[in-house]
Amino acid sequence: MKSIWIACSLVLLAAGCDRREPSSTTEKPQAPADLATQPDPEPEQEPLQLPGVERLLDLRGGRSPGDYIEAVERFIRDNPDLQVIVGKGWDVAAFGEAPPHKAQLDQVNDLIPIVLFSRDHRTIWANSEALAAAGIDVDTPNPEGGAIEKADNGLPTGLLRGSAVQLIEKIIPKPAAGAAP
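These figures come from a predicted structure and were not determined experimentally.

(A) Quick look at the packing of aromatic side chains. Here the structure, examined in full by the defined rule, presents 5 aromatic pairs. Residues Y68 and F95 carry aromatic rings whose centres are separated by 5.8 Å and whose planes lie at 25° to one another, so their mutual orientation is stacked. One end of the pair, Y68, is in helix α2 (residues 65–78); the other, F95, is in the loop between β2 (85–90) and α3 (102–108), with 27 residues separating them in the sequence. There is no split in this pair, since Y68 and F95 are both buried. Pairing F95 with W125 gives two aromatic rings, centres 5.1 Å apart and planes at 90°, and the pair type is edge-to-face. Taken together, the residues span a long stretch of sequence, with F95 in the loop between β2 and α3 and W125 in strand β4 (residues 123–126) at a distance of 30 residues. Among the residues examined, F95 registers a relative accessible area of 8% and is labelled buried. Among the aromatic side chains, those forming a connected cluster through ring pairs are Y68, W90, F95 and W125.

In structure tokens, the structure reads:
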């Protein structure tokens, strides 16, 4: 019976008729793809997780930069004790011609580091505080296999790709020794 639902969902998705609402607590792992990935066609998704992160902002339901900004604002309001905001699931296709920029997140909060992983986990969108906490500035070179996106003036824009993601992952709090991941 489950295979019938999967087949039907795939047919509906291919026809552009997938009307299901994304779950706020689920995600199906995806194979590496370009940054303009489409939503996963699987009808059932696994819980959204990031190893070591207890409270994770789910961005998979966003369809525009405004959706992502609203989700971050709401998450910060609902979790005032967090010292680093970590989210996952944004899609670069939602931004159209203008890529994500740290200034968008700085308008939400420029005192708490905000680190948002893309759907494929290969790009981070971060605010200025997250960049500063990670020591990323105009003089930070691109690591091998990665890129710190920079504006014409050399300032980081808040997008890190490939192995540059590891530069900012180090500011994400790790679980206490002996705590469940």
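Let us keep going from here.
(B) Structural view of unusual backbone geometry. In this structure, H121 is a non-glycine residue whose phi angle is positive, near 65°. Mapping H121 onto the fold places it in the loop between β3 (114–118) and β4.

(C) Examining the pairing of strand β5 (residues 146–150) more closely. Note that β5 and strand β6 (residues 156–162) share 4 bridges and pair antiparallel. Each residue of the ladder has a partner; that of K150, found in β6, is P156. Connecting β5 to the next strand, β6, in antiparallel fashion are 5 residues, including G154 with a positive phi near 90°.

(D) Spatial organisation of α2. For α2, built from 14 residues, the straight-helix expectation of 20 Å at 1.5 Å per residue is met to within 8% by its first-to-last C-alpha distance of 20 Å. Along α2, the residues that are buried comprise Y68, I69, A71, V72, F75 and I76. Here the buried residues of α2 occupy an arc of 160° about the axis, which is enough to place them on one side. Turned more than 90 degrees away from the buried face of α2 sit R77 and D78, all of them exposed. Residues of α2 that are buried make contact with β1 (57–58), β2, α3, β3 and β4.

Rules used throughout
- Residues numbered from 1 in each chain as written.
- Predicted model: local features only at pLDDT ≥ 70, side-chain atom pairs only at ≥ 80, totals over all residues.
- Heavy atoms only, no water.
- Phe/Tyr/Trp six-rings, centres within 6.5 Å; stacked < 30°, edge-to-face > 60°.
- Helix = DSSP H or I, 4+ residues; strand = E, 2+ residues; numbered from the N terminus.
- Buried < 20%, exposed > 50% of the residue type's maximum accessible area, 1.4 Å probe, protein only.
- Pairing = 2+ DSSP bridges.
- Expected span 1.5 Å × (residues − 1).
- Arc of directions from axis to C-beta.
- Contact = heavy atoms within 4.5 Å.

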